[in-house]
Amino acid sequence: MSSQPADRISFVTNGTPEADAAAARLKARYGDYAMDVADVVVALGGDGLMLQTLHRVMRMSVPVYGMNFGSVGFMMNTFSEDDLDQRLASVQRTRIFPLSMQVLDASGRTQSALALNEVSLFRSTYQAAKIQIIVDGETRLDELICDGVLLSTPAGSTAYNLSAHGPILPIEAELLALTPISPFRPRRWRGAILSNRAEVRFITREAGKRPVSAVADNVEFQNVLEVTVREDRTHGVTLLFDPGTSLEERVLSEQFRY
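Because the structure is a prediction, the values reported are computed rather than measured. (Residues numbered from 1 in each chain as written. Predicted model: local features only at pLDDT ≥ 70, side-chain atom pairs only at ≥ 80, totals over all residues. Heavy atoms only, no water.)

## Quick notes on the pattern of salt bridges
Where we set the bar: Here, a salt bridge means any Lys or Arg side-chain nitrogen found within 4 Å of an Asp or Glu carboxyl oxygen. Think of it in three bands: with a 1.4 Å probe and only protein chains considered, a residue is buried below 20% of the maximum accessible area for its type, exposed above 50%, and partly exposed in between.
Under the definition given, this model contains 17 salt bridges. Its salt-bridge partner being D32, residue K27 comes within 3.8 Å of it at the nearest N-O pair. A relative accessible area of 35% means that K27 is categorised as partly exposed. A salt bridge links R257 to E254; its shortest N-O distance comes to 3.6 Å. Taken together, the shared-partner salt bridges connect K130, E206 and R210 into one network.

Next comes the structure, spelled out in structure tokens:
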């Protein structure tokens, strides 16, 4: 799917000298606008910067086109200073939606955050976490003893979820990946694939003795008692890719790497 040429571009960088220098040249050539009035944001950095930028634009409905100045650049396009307006006119669009995380901590406080990649629970000390997993009101795992557990979106399934041996999900699949992190018991439980309409609730056992933190992308809450996660279709972000290099294609190709 193509878009019309963007008239107003906002440039952001990861702050490295190379990315900042490239941004200065691009701004001189194509102009630069504030993010809240731009037609598109061009992010110069790696996947970390892309994730930060997507969170920033989530309530602005501004698409993001990344150019790689990082180490992996899974969500980025190849860098070039030439013909940026033409590249933006022929992009392929991918729309992704976040997970909404609601947290109840040991002080009784309730907090929330959004995650485009995954919501993760981690043990905070040397002792393993004990976590009960409830899906749509029904207990599916009474006690998971582990280093942690995560719930991933399709977009995040090739990130930490994949490193934890979770499944890769097609970008357009209406699914979520529930994946244990170093499970001790049940040792052979490999996780589950859930509908994106599912509500997943995590309850920590022996929370005083076995403290657990919860992380939504880069937002962390400590000493959590309960964590409830569901997909949030009221928020979404649009990523832009050069033709033939869409996020759908990258995720599919990742399944055939070894």
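## Some details on unusual backbone geometry
Rules: A helix here means a DSSP run of H or I that spans at least four residues, while a strand means a run of E at least two residues long, and both kinds are numbered starting from the N terminus.
Here R185 and P186 are connected by a cis peptide whose omega angle stands at -5°. With respect to the helices and strands, P186 occurs in the loop between strand 10 (175-185) and strand 11 (192-195). Of note, D83 is a non-glycine position whose phi angle comes to about 55°, a positive value. Considering the arrangement of structural elements, one finds D83 in the loop between strand 3 (64-68) and helix 3 (84-89). With phi around 50°, D136 is a residue other than glycine that occupies positive phi space. Mapped onto the fold, D136 is located in the loop between strand 8 (129-135) and strand 9 (138-152). For D136, a relative accessible area of 52% corresponds to the exposed category.

## Things to note about the pairing of strand 8
The two faces of a sheet get side chains in turn, since along a regular strand they alternate between them. This is how it is decided: Strand pairing is defined by DSSP finding a minimum of two bridges between the two strands.
Burial analysis of strand 8 places 7 of its 7 residues in the buried class, which makes it a mostly covered element. Where burial is concerned, the two faces of strand 8 agree: the one with A129, I131, I133 and V135 and the one with K130, Q132 and I134 are both buried. Judged from the 6 bridges that link them, strand 8 and strand 9 form a sheet pairing that is antiparallel. What sits directly across from I133, in strand 9, is L141. Between strand 8 and strand 9, which pair antiparallel in sequence order, lie 2 residues; one of them, D136, sits at a positive phi of approximately 50°. Sheet topology note: the strand 8/strand 12 (residues 200-205) ladder contains 6 bridges and is antiparallel.

## Concerning the confidence of the model for the protein
In plain terms, the rule: Values of pLDDT, which run from 0 to 100, indicate the predictor's confidence residue by residue. Two residues qualify as a contact provided that any one of their heavy atoms is within 4.5 Å of a heavy atom in the partner residue.
Chain-level pLDDT for the protein is 93 on average; 97% of the residues reach the 70-or-more range. Note that residues 1-5 has pLDDT below 50 and, in this model, 14 contacts with residues that lie over four places away or in other chains.

## Regarding the environment of D217
Stated precisely, the cut-off is as follows: Counting of polar contacts relies on pairs of N or O atoms within 3.5 Å, with two restrictions inside protein: one atom must be capable of donating a hydrogen and the other of accepting it, and residues adjacent in sequence are counted only when both atoms are side-chain atoms.
If you trace the backbone, D217 turns up in the loop between strand 13 (212-216) and strand 14 (219-221). For D217, a relative accessible area of 12% corresponds to the buried category. Put simply, D217 and L51 are 166 residues apart on the chain and 8.2 Å apart in space, counted from C-alpha to C-alpha. Not counting residues within four places of it along the chain, the set of residues in contact with D217 comprises L51, H55, L114, A115, L116, N117 and E118. Of the polar contacts made by the side chain of D217, one reaches the side chain of H55; its length is 2.7 Å.

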